[in-house]
Amino acid sequence: MTRPLDPSRAAAADDTATPPAAARTTAPSTARDRAKAERRAALLAAAARLFAERGFDGVTLGDIGEAAGVSGPAVYRHVASKQALLGAILVDVSERLLTGGRAVAAAHRPAPAADRRVAGVSRRSARPASGALAALVDFHVAFALAEADVIRVQDRDLDRLAPGDRRAVRRLQNAYVEVWTDALASPDSHARDRRAQTPDAESPAERRVRALACFGLINSTPHSVRGVPASRVRPTLTRMALAALTA
């Protein structure tokens, strides 16, 4: 079963990491740099598609280069190896997932009580933390529909990553799970257990189970609905994920 990408495997113990092979680089500043970045992006997209279709072992660097329009030896100017490409794909998408999730949660975080009093806004009229959960679900559903190939690659080929990249993916995806468990822990969240109204009523491990179950529901679906328009799938997935979180 898949998770944020797949935290049932990737979001494991947070090891002390060495810099991953897929470490981020600065934004390109010249036309030559931009062209190089575009070719690298094309290689990553082609690699994700081919890895999803054939599996890591069923694809060569030559196959990836041909699909991306990069000829033979020129591929090595952009990536050191097929394993480095896999690392770049999974570290990059994990970074984007965490950055996006944090931005969504921050945009829907209720103001502190003191700030609401100063602004003359009652607690009842403040934006509820459950809004953060709904926004996170919407964000993750959109991600899963757009990145179905990458999710499939991680689910199948995570163990083929170099150690540094594997640790980076674990660390990033653990942090993304925490974004969700923090939202679930909010005293104002409608996803809270109705039997009690304190954050301690549900343990962090129990909130993590709920988050991972929600990821599994969302991530597994795009693989089985190919051919159905995303505009039809997205609202159904969103309703089901919210229902799972609030069960």
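Before reading on, note that the structure itself is shown above.
Residues numbered from 1 in each chain as written. Predicted model: local features only at pLDDT ≥ 70, side-chain atom pairs only at ≥ 80, totals over all residues. Heavy atoms only, no water.

Caption draft 1: Spatial organisation of the overall build of the protein chain. Assigned secondary structure in the protein chain consists of nine helices and zero strands. When the helices and strands of the protein chain are listed from N to C terminus, the series reads α-α-α-α-α-α-α-α-α. Taking all 247 residues of the protein chain together, 44% fall into the buried category. Put simply, of all contacts in the protein chain between residues at least 6 apart along the chain, 78% involve residues at least 24 apart. Here the protein chain has roughly 12,700 Å² of accessible surface; of this, 54% comes from carbon and sulfur atoms. (Helix = DSSP H or I, 4+ residues; strand = E, 2+ residues; numbered from the N terminus. Buried < 20%, exposed > 50% of the residue type's maximum accessible area, 1.4 Å probe, protein only. Contact = heavy atoms within 4.5 Å. Areas by Shrake-Rupley, 256 points an atom, 1.4 Å probe, with all protein chains shown as cover.)

Caption draft 2: Examining a positive patch on the surface more closely. A grouping of Arg-32, Lys-36, Arg-39 and Arg-77 is seen on the molecular surface, where their side chains present a positively charged patch. The topology assignment puts Arg-77 in the loop between helix H2 (61-68) and helix H3 (82-107). (Patch = residues over 30% accessible without salt bridge, like charges linked within 9 Å, V, L, I, M, F, W, Y side chains within 5 Å. Salt bridge = Lys/Arg side-chain N within 4 Å of Asp/Glu carboxyl O. Lys, Arg positive; Asp, Glu negative; His and termini not counted. Charge placed at Lys NZ, Arg CZ, Asp CG, Glu CD.)

Caption draft 3: Examining the nonpolar core more closely. Judged by nonpolar contacts, the single largest core of 59 residues is most densely connected at Phe-51, Ile-64, Leu-85, Ile-89, Leu-90 and Trp-180. Of all the elements, H3 adds the most residues to this core, at eleven residues. Leaving out residues up to four positions away in the same chain, Ile-89 has contacts with Leu-44, Ala-47, Ala-48, Phe-51 and Val-150. (Core = buried A, V, L, I, M, F, W, Y, C linked by side-chain atoms within 4.5 Å.)

Caption draft 4: Main features of the environment of Ala-168. Positionally, Ala-168 belongs in helix H7 (residues 163-185). On the basis of relative accessible area, Ala-168 is assigned to the buried category, the value being 2%. Remark: the alpha-carbon pair of Ala-168 and Ser-94, spanning 74 residues in sequence, is separated by 8.7 Å.

Caption draft 5: Representation of helix H1 (residues 31-54) in the model. Its 24 residues give H1 an end-to-end C-alpha distance of 34 Å, which sits within 8% of 34 Å, the value for a rise of 1.5 Å per residue. For H1, every residue scored as buried is listed here: Leu-43, Leu-44, Ala-46, Ala-47, Ala-48, Leu-50, Phe-51 and Ala-52. Considering only its buried residues, H1 is in contact with H2, H3 and helix H6 (148-157). Gly-55 lies just past H1 and shows a positive phi near 90°. (Expected span 1.5 Å × (residues − 1).)

Caption draft 6: Fine view of the packing of aromatic side chains. Scanning the entire structure with this criterion turns up four aromatic pairs. Pairing Phe-51 with Phe-56 gives two aromatic rings, centres 5.3 Å apart and planes at 45°, and the pair type is tilted. The exposure class of Phe-51 is buried, given its relative accessible area of 0%. What links up through ring pairs into an aromatic cluster is the set Tyr-176, Trp-180 and Phe-215. (Phe/Tyr/Trp six-rings, centres within 6.5 Å; stacked < 30°, edge-to-face > 60°.)

Caption draft 7: Representation of the pattern of salt bridges within the structure. Overall, the coordinates contain seven salt bridges when judged by the stated rule. A salt bridge links Arg-96 to Asp-92; the nearest nitrogen and oxygen atoms lie 3.0 Å apart. Of the two residues, Arg-96 and Asp-92 are both situated in helix H3; the distance of four residues between them amounts to about one turn of the helix. Ionic pairing is found between Arg-156 and Asp-157, a salt bridge with its closest N-O pair at 3.9 Å. Using a relative accessible area of 36% as the deciding quantity, one classes Arg-156 as partly exposed. For Asp-157, a relative accessible area of 5% puts it in the buried group. Each of the salt bridges in this network shares a partner with another, and the network as a whole consists of Asp-92, Arg-96 and Glu-147.

Caption draft 8: The packing of H1 against H2, seen in detail. Viewed as axis vectors pointing N to C, H1 and H2 meet at an angle of 125°, and their least axial separation amounts to 8 Å. Of the possible angle classes, the one that applies to H1 and H2 is oblique. Note that H1 runs across H2; the crossing there is right-handed. Between H1 and H2, the contacting residues are Ala-42, Leu-43, Ala-46, Ala-47, Arg-49, Leu-50, Phe-51 and Arg-54 on the first element and Asp-63, Ile-64, Gly-65, Ala-67 and Ala-68 on the second. Its residues assigned to classes, the contact of H1 with H2 shows nine nonpolar, one polar and three charged. (Axes fitted to C-alpha atoms, helices over the stretch in contact; angles between N-to-C directions. Parallel < 35°, antiparallel > 145°, perpendicular 65-115°, else oblique. Left-handed = near helix turned anticlockwise from the far one by under 90°. Nonpolar A, V, L, I, M, F, W, Y, C, P; charged D, E, K, R; others polar.)

Distances and angles like these do not, on their own, reveal function.
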